[in-house]
Amino acid sequence: YIPRLNDLLNTSYGSQRLINEGFGGEVTAEGLVRIDKVFIADLPRYLLIMEGTNDVVFTDITIPSAAFNLQEMVRKCLAAGVFPAIATIIPRFDWWGTQSLYQTRILTLNSRIRQIASDLAVPLVDMYAAFSSYPASGGGVLSLLSKDLKHPGDKGYQFMAETWFSGIRAFPFPPANASLITLSPQRTSPDRVWARPEAAPRTPRTVPADPRQPFGTVLTWAHSPKILDPAQIRGYRVYRRPLSDPAAAFELFMFVESPLEVREKGSSSLGRYDFALAAVRKDGIEGPLSEPAAR
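Everything numeric in this text was worked out from a predicted model, so none of it was measured.

Analysis parameters
- Residues numbered from 1 in each chain as written.
- Predicted model: local features only at pLDDT ≥ 70, side-chain atom pairs only at ≥ 80, totals over all residues.
- Heavy atoms only, no water.
- Salt bridge = Lys/Arg side-chain N within 4 Å of Asp/Glu carboxyl O.
- Helix = DSSP H or I, 4+ residues; strand = E, 2+ residues; numbered from the N terminus.
- Buried < 20%, exposed > 50% of the residue type's maximum accessible area, 1.4 Å probe, protein only.
- Axes fitted to C-alpha atoms, helices over the stretch in contact; angles between N-to-C directions.
- Parallel < 35°, antiparallel > 145°, perpendicular 65-115°, else oblique.
- Left-handed = near helix turned anticlockwise from the far one by under 90°.
- Contact = heavy atoms within 4.5 Å.
- Nonpolar A, V, L, I, M, F, W, Y, C, P; charged D, E, K, R; others polar.
- Pairing = 2+ DSSP bridges.
- Phe/Tyr/Trp six-rings, centres within 6.5 Å; stacked < 30°, edge-to-face > 60°.
- Lys NZ or Arg CZ within 6 Å of the ring centre and 35° of its normal.

Peer 1: What's the story with the pattern of salt bridges in this structure? I'm lost.
Peer 2: Two side chains carrying opposite charge are able to pair once their charged atoms lie near each other. Taken as a whole, this structure holds 11 salt bridges when the rule is applied. In this structure, Arg237 and Glu286 form a salt bridge, with 2.5 Å as the shortest nitrogen-oxygen distance. Of this pair, Arg237 sits in strand E7 (residues 233-242) while Glu286 sits in the segment after strand E10 (273-281), and the two are 49 residues apart along the sequence. A relative accessible area of 22% means that Arg237 is categorised as partly exposed. Take Glu286: its relative accessible area is 23%, and that puts it in the partly exposed class.

Right, here's the structure in full:
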């Protein structure tokens, strides 16, 4: 499904780089060991996780241990600043898929995957439900599988790409045009702070405040154009770190619903920090951090 999903992303979002780091025959314990190398090699912003089919057929692997491995993959993503989405595994109708033991293992693992998504507040793409409910008028779930009845066929891979894409379209993408601006008492419109690295900063001037004019600092941003339905965004978490220590971690500063700004009057403390923002969906899922606000 990778090239098919890549085509969908490129059509909607412009040129994207989608990397296939799947490994045939892998079980989740191997994926958990390997995921750190993926972070180093690819520096991903987003990671799509769909593993566990192979764990199901090896009965010496318990479903709780497979679920734990998937949970730790998600935790590693979050700790590394990578935004993960996790998918349930698809139904199968080969010999293993028709035995009650393995059917139960598939259902139990998928139930655990849904719980992981809920507990860790990351997007769930319920691939099992999408395949299982494929309409009979279109040939039903069997029409999505190849002759081996466990892998998708061409039609199934296209459907899988579209199902992933539907989940991606609902991601809480980081905001656009985040910037920190100053309001001078001598101007009626914002004057952007000068901070291009190739240019010398302006010399600070002390200007007496004029109560008739706006004065202070404003952090502003806008919804990402990738967010198709801004009504699904509950607000933004604003993070900051001292401007004097760019190696410091960002810490939560405040949550903002509307308007999309943080305003401070008078002598500003906002200007002493770097800011980054993350969109929060109504279901509580928080997106990745934006780049630090432009100055």
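Peer 1: I tried to follow the packing of helix H4 (residues 63-79) against helix H5 (residues 100-120) on my own but got confused; where do I start?
Peer 2: A pair of packed helices is captured by two measures, namely the crossing angle of their axes and the spacing between those axes. Running from amino to carboxyl end, H4 crosses H5 at an angle of 30°, the nearest separation of the two axes being 10 Å. Our classification of the angle between H4 and H5 gives roughly parallel. Classified by chirality, the crossing of H5 by H4 is right-handed. Residues Ile63, Pro64, Ala66, Ala67, Leu70, Gln71, Val74, Arg75 and Leu78 of H4 pack against Arg105, Thr108, Leu109, Arg112, Ile113, Ile116 and Leu120 of H5. For the contact of H4 with H5, the per-class residue count stands at 11 nonpolar, two polar and three charged.

Peer 1: How should unusual backbone geometry be read in this particular structure?
Peer 2: Keep in mind that most residues, glycine aside, have a negative phi and that most peptide bonds are trans. The amide bond that connects Ser258 to the next residue, Pro259, takes the cis arrangement and shows omega of -5°. Backbone geometry at Leu43 places phi at a positive 50°, although glycine is not the residue there. One non-glycine residue with positive phi stands out, namely Asn177, at about 55°. Overall, Asn177 belongs to the exposed group, its relative accessible area being 66%.

Peer 1: I keep staring at the sheet that holds strand E2 (residues 83-87) and nothing clicks. Help me out?
Peer 2: With parallel pairing, three strands are arranged side by side in an open sheet as E1-E2-E3. Only two strands of the sheet have a single neighbouring strand rather than two, namely strand E1 (46-49) and strand E3 (124-125).

Peer 1: I keep staring at the packing of aromatic side chains and nothing clicks. Help me out?
Peer 2: Ring pairs (aromatic) are described by centroid distance and by the angle formed between their planes. In the structure shown here, the tally under the stated rule is 15 aromatic pairs. Arranged with centres 6.3 Å apart and planes meeting at 50°, the rings of Tyr13 and Phe165 form a pair that is tilted. With Tyr13 in helix H1 (residues 2-13) and Phe165 in helix H7 (residues 154-169), this residue pair connects regions lying 152 residues apart in the sequence. We note that Tyr13, like Phe165, is buried. Seen in terms of ring centroids, Trp95 and Trp96 are 5.7 Å apart; in terms of plane orientation they differ by 90°. Their pairing is edge-to-face. We classify Trp95 as exposed; its relative accessible area is 53%. On the basis of relative accessible area, Trp96 is assigned to the partly exposed category, the value being 35%. Three or more aromatic residues joined by ring pairs form one cluster here, namely Tyr13, Tyr46, Phe83, Phe165, Phe171 and Phe173. Just above the ring of Tyr13 sits the side chain of Lys226; from NZ or CZ to the centre is 5.4 Å. Of note, Arg240 hangs over the ring of Tyr273, and the distance from its end group to the ring centre comes to 3.9 Å.

So yeah, pure geometry; function would need other evidence.
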